[in-house]
Amino acid sequence: GEGFLLTFQERAGDCFDPVRERIRRRHSQLRERGADYLTYALLDAVVDSGFPVLEACGERLEVLEAAVSSGSRDVQVTDIHRIKRELLDLRRTVWPQREMVSALAREPTAYISDQTRIYLRDCYDHTVQLMDLLETYREIASSLIDLYLSSVNARMNEIMKVLTIIATLFMPLSFVASLYGMNFDRTVSPWNMPELGWALGYPFILVLMLAMAFGMLWFFLRRGWIGNRAARRGGAPRGRRRQA
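(A) Geometry of the nonpolar core. The biggest cluster of nonpolar side chains holds 34 residues, and the ones touching the most others in it are Leu 54, Ile 80 and Leu 134. Only α3 (35-48), α4 (50-69), α5 (77-106) and α6 (114-179) provide two or more residues apiece to this core. Here this core takes 10 residues from α6, the largest share from any one element. Each residue touching Leu 54, except ones within four places of it in the same chain, is listed here: Leu 87, Leu 90, Leu 130, Leu 133, Leu 134 and Tyr 137.

Structure, rendered in structure tokens:
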């Protein structure tokens with residue numbers, strides 16, 4: 001109104017301490033100007049209080065990004081969802097503020113002077129910067145969730161790869177062990193497992209099984225299914241090294 005301003009506060013604690021300090025000073029503009037300038041000062045304090053909150057969120061996002069990129073298992077997807085939820089709540093707070101400040105700076109009213117409108121436009125610019133930072137951090141949080149899920153899938157694929165290789169190695173070994181575990185009477189036919197009568201039959205079977213296992217490992221290495229094929233061959237080909 002003309003010469004007065006009413007403010008309502010829902011809970012204890014606010015960000016108006018700098019405004020109170022300015023009011024306590026002598027020759028302060030808040031004492032000399034009207035209620036419209038005090039309105040601007042309070043709105044500007046509310047908007048500026050969002051930047052430290054966003055800065056803290058940005059630091060947390062950097063820590064989470066470094067942890068996800070390094071493959072740390074201390075990071076949980078709930079941590080990323082929590083900060084994303086906080087950014088969403090902050091956006092719901094800042095968006096109406098931007099529209100309100102824009103309306104105060106644009107719509108003509110007898111309670112706001114033209115000189116104060118200049119300050120309100122500056123306050124509006126701050127709300128736009130705040131919204132831009134919010135959207136940037138929300139995109140980073142969304143990309144962190146995708147990166148986390150990709151790292152989990154990659155780790156799961158590596159585990160499945162190791163288990164598949166182990167199972168593949170034991171398949172022929174299980175076949176040989178089950179083959180020579182059958183009970184055939186050698187006295188009925190000379191073709192009934194003659195290897196059981198060899199003096200070196202048992203060492204022969206063990207050597208055969210080891211040879212099969214190492215042969216399959218060598219085949220996997222040659223195909224590049226285990227390890228880095230380029231690293232085993234001494235890096236990049238000679239032509240590529242020369243070009244590099």
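(B) Spotlight on unusual backbone geometry. For His 27, which is not glycine, the phi torsion reads 60° and is therefore positive. Within the fold, His 27 resides in the loop between α1 (17-24) and α2 (29-32).

(C) The pattern of salt bridges, seen in detail. Under the definition given, this model contains 10 salt bridges. One salt bridge in this structure joins Arg 98 and Glu 99, with 3.7 Å as the shortest N-O distance. For Arg 98, a relative accessible area of 17% translates into the label buried. Among the salt bridges present, the one from Asp 114 reaches Arg 117, with a minimum N-O distance of 3.8 Å. Of the two residues, Asp 114 and Arg 117 both sit in helix α6, three residues apart, roughly one turn of that helix. Overall, Arg 117 belongs to the buried group, its relative accessible area being 8%. Look at the salt bridges and you will find they share partners, linking Asp 14, Asp 17 and Arg 20 into a network.

Thresholds, definitions, all that
- Residues numbered from 1 in each chain as written.
- Predicted model: local features only at pLDDT ≥ 70, side-chain atom pairs only at ≥ 80, totals over all residues.
- Heavy atoms only, no water.
- Core = buried A, V, L, I, M, F, W, Y, C linked by side-chain atoms within 4.5 Å.
- Buried < 20%, exposed > 50% of the residue type's maximum accessible area, 1.4 Å probe, protein only.
- Helix = DSSP H or I, 4+ residues; strand = E, 2+ residues; numbered from the N terminus.
- Contact = heavy atoms within 4.5 Å.
- Salt bridge = Lys/Arg side-chain N within 4 Å of Asp/Glu carboxyl O.

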